[in-house]
Structure formats: C-alpha cells, structure tokens
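Fold and contact review
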Amino acid sequence: MQQIKGALIPIGGNEDKGIEDSEIYTLEFIDDGILFHVVEEAGGVDANIVVIPTASSIPVEVGENYLTAFTTLGCKNVEVLDIRSKEDSETEHAIALIKNADCVMFSGGDQSKITDKIGGTTIQDILLDRYKNEDGFVIAGTSAGAMVMANEMIAGGSASESFIKGAVNMYKGLGLIPELIIDTHFIKRGRFGRQSEAVAKFPNLIGFGLAEDTGMIIKNGNDCTVIGSGMVIVFDGSKLTHNNEKILEEGTPMTMANLTVHVLSNGDQYNIKNRKVKVLPIEAPFI
C-alpha cells in the first residue's frame, strides 16, 4: 500500500476564526486554534493557502471571513477560489492555484455542491495526486468540507429519527480518505443515530463524528491526532455481532450489537489501520 505523504485536517464546523464574541468553547485563537494548526501543517505564514467556499450559499462572505482569519494569523498568501460550476473547476486560473497551493481549505455548507462541481474534474485529480505524493501538502475542510473527504459521504439525514433505517442519506465524496465516514457538528446537532446507520451500511469503514471547533490532523492516511476544544466520537463496526440494516424496511428501528465507540479529545490519537486509540497522558499539555 502506497505511503500517503500529505495531510488531511477535517474540522467539525464553527471553528474559531478569531472573531467570536464568546471564548467559552474556544482555545486562544492565535496560539492554539484549529486554523493555527492548519497554517502550521502547511508550512507557516508564508504558505500559499487557497480557500474554496463552493459548499456555501454565501461564498463571498465566507471567503472574506477566512481571508480575515488567516491574515490575523499572519498569513501573507491567501486567495479565495470561488467555484460555482464544473466549468469553473477547469479554468487555467483554478488549476494553477491548486497546483501552487500548500494548503487547500474547503468551507462549510452543502457537501453535495463540492462533489457536483469539483468531483470528476482536473482539480480533483490534482488534489488526489498532490495529497498522495507531496510532503507538506494540506487539505483542510470544515463541516461540509470535512464530510466530502470521504468516499461514502453523509449527504444529510434526520437527527430526530435516530437509529431508524433511512435516517441517513449517502452520496459520493471526493475519496481522499476512503476508510472513513465523517460527520460534523456532531454533539450539538445530535447526529449519533445517523452516523451509526452509516457505519451499519458500511461496517468495514470507520465513522468519525466531529464536534464543533474540533478537528483531526490525519497523516500518512492513517495517524490521527485530535485538535481543538471538543470531542471526536469514533464508531468502529468491525466487531459487530449483529447488524440488521440490510434486511430492514425504511423507518424501522435498527439493531447493532457490539458496536465499538470511542470518545476522544485534544491530543488523543487514533490509528486507522490498527483501529487503536492512544490517549494523551493526563500530565501532558494540550495540543
């Protein structure tokens, strides 16, 4: 299996951008925040950062928010790439930006928009190739931008209809990390049930439920470290002794026996290949 050289940083949404009024749920933005880690992984303040707000219904405003956030962190080379169609993904300007970027950051919104407008284009090919083959290349994404990193992508579904077959809608993502199914805003929006159903559909995959202002730095396509102020819930269906998802009719309550669930927080690590947790020692500083 090829060693992946780039890094992925999926984020659960509502990461601190240095403009929040309340600091209750966030770490100190400049020194500890998630976007600080994104910049650090990309090589520091001189890195070429490209923000893609395709998922958003207000891409101009979202792009400006990220320009402000990255500039506050001292970044000098930040550009917004406003892709609104497949044709936009094939322009010389767009392709050149992606080829020269040290970090590509996908905003939140509707993850299906990213797949529809970037999936199957030259940009997707470049992203995959650079992620696999280039040291220091970073693809970050928040909310929709995190969920689209998977191959089997959660496209929507009800939180109130938890553990009912049909509560989750699946779609094809960009396939950057096909071993995972990623869900976001996980704690605040009560998405435990729909992630459980997604893992029941694909028990060979691992579900990551990311809380807000929380992310994972994923290196080598395998080694995950939690960053931010919240939790990551990990769903491992590999040891299921009973899973009736395939035989149920839509709207029927589900049974899953021996689903393994881990709750991880800042500094904790997860190995995708071995499905092992390594907890941050209690005396160690936060990341």
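Before any of the text, the structure's been laid out above.
Cut-offs applied
- Residues numbered from 1 in each chain as written.
- Predicted model: local features only at pLDDT ≥ 70, side-chain atom pairs only at ≥ 80, totals over all residues.
- Heavy atoms only, no water.
- Phe/Tyr/Trp six-rings, centres within 6.5 Å; stacked < 30°, edge-to-face > 60°.
- Helix = DSSP H or I, 4+ residues; strand = E, 2+ residues; numbered from the N terminus.
- Buried < 20%, exposed > 50% of the residue type's maximum accessible area, 1.4 Å probe, protein only.
- Pairing = 2+ DSSP bridges.
- Right-handed = clockwise from strand over helix to strand, strands pointing away.
- Salt bridge = Lys/Arg side-chain N within 4 Å of Asp/Glu carboxyl O.
- Expected span 1.5 Å × (residues − 1).
- Arc of directions from axis to C-beta.
- Axes fitted to C-alpha atoms, helices over the stretch in contact; angles between N-to-C directions.
- Contact = heavy atoms within 4.5 Å.

**Focus: the packing of aromatic side chains**
- One pass over the full model with this rule turns up six aromatic pairs.
- Relative to Phe235, the ring of Phe186 lies with its centre 5.8 Å away and its plane at 70°, an arrangement referred to as edge-to-face. Pair noted here: Phe186 is in the loop between β8 (180-183) and α9 (192-201) and Phe235 is in strand β12 (residues 231-236), with a separation of 49 residues, a long-range link. In this structure, Phe186 and Phe235 share a single accessibility class: buried.
- Seen in terms of ring centroids, Phe192 and Phe235 are 4.9 Å apart; in terms of plane orientation they differ by 65°. Their pairing is edge-to-face. Taken as a pair, Phe192 in helix α9 and Phe235 in strand β12 lie far apart in primary sequence, 43 residues in all.
- On the basis of relative accessibility, which here comes to 0%, the residue Phe235 falls in the buried class.
- Through a chain of ring-to-ring contacts, three or more aromatic side chains come together here, namely Phe163, Phe186, Phe192 and Phe235.

**A few points about the pairing of strand β3 (residues 77-80)**
- Taken together, the four bridges between strand β2 (residues 48-52) and β3 define a ladder with parallel strand orientation. Bridge pairing in β3 places Asn48 opposite Asn77.
- Note that the unit made of β2, helix α3 (residues 59-72) and β3 has a crossover that is right-handed.

**Thoughts on the pattern of salt bridges**
- Counting across every chain of the model gives 13 salt bridges.
- The closest approach of N and O atoms between Glu41 and Lys219, which form a salt bridge, is 3.1 Å. One end of the pair, Glu41, is in helix α2 (residues 34-41); the other, Lys219, is in strand β10 (residues 214-219), with 178 residues separating them in the sequence.
- Where Arg191 meets Asp183, a salt bridge forms, and the shortest distance between an N and an O atom there is 3.8 Å. Summarising the burial analysis for this pair, Arg191 and Asp183 share the class buried.
- A single network of salt bridges, built from pairs that share partners, joins Lys165, Glu197, Lys201 and Glu245.

**Side note on α3**
- The end-to-end C-alpha distance of α3 is 20 Å, a good match for the 20 Å that 14 residues give at a rise of 1.5 Å each.
- For α3, the complete set of buried residues consists of Pro59, Val62, Gly63, Tyr66, Ala69 and Phe70. Buried residues along α3 cover an arc of 125° about the axis, so they all sit on one side.
- One or two positions beyond α3, positive phi appears at Gly74, with a value near 95°.

**What to know about the sheet that holds strand β15 (residues 260-265)**
- As summarised here, the arrangement of the four strands in space is β8-β9-β12-β15, forming an open sheet in which the pairing is mixed. In this open sheet, the two edge strands, each paired with only one partner strand, are β8 and β15. For this sheet, the mean inter-axis angle between neighbouring strands, taken without regard to orientation, is 20°.
- Strand direction decides the pairing type here: β8 and strand β9 (residues 206-210), joined by four bridges, are parallel. Within β9, the position partnered with Asp183 by the bridge is Gly209.
- Together, β8, β9, β12 and β15 form the strand contacts of α9, whose direction differs from that of β8 by roughly 165°.

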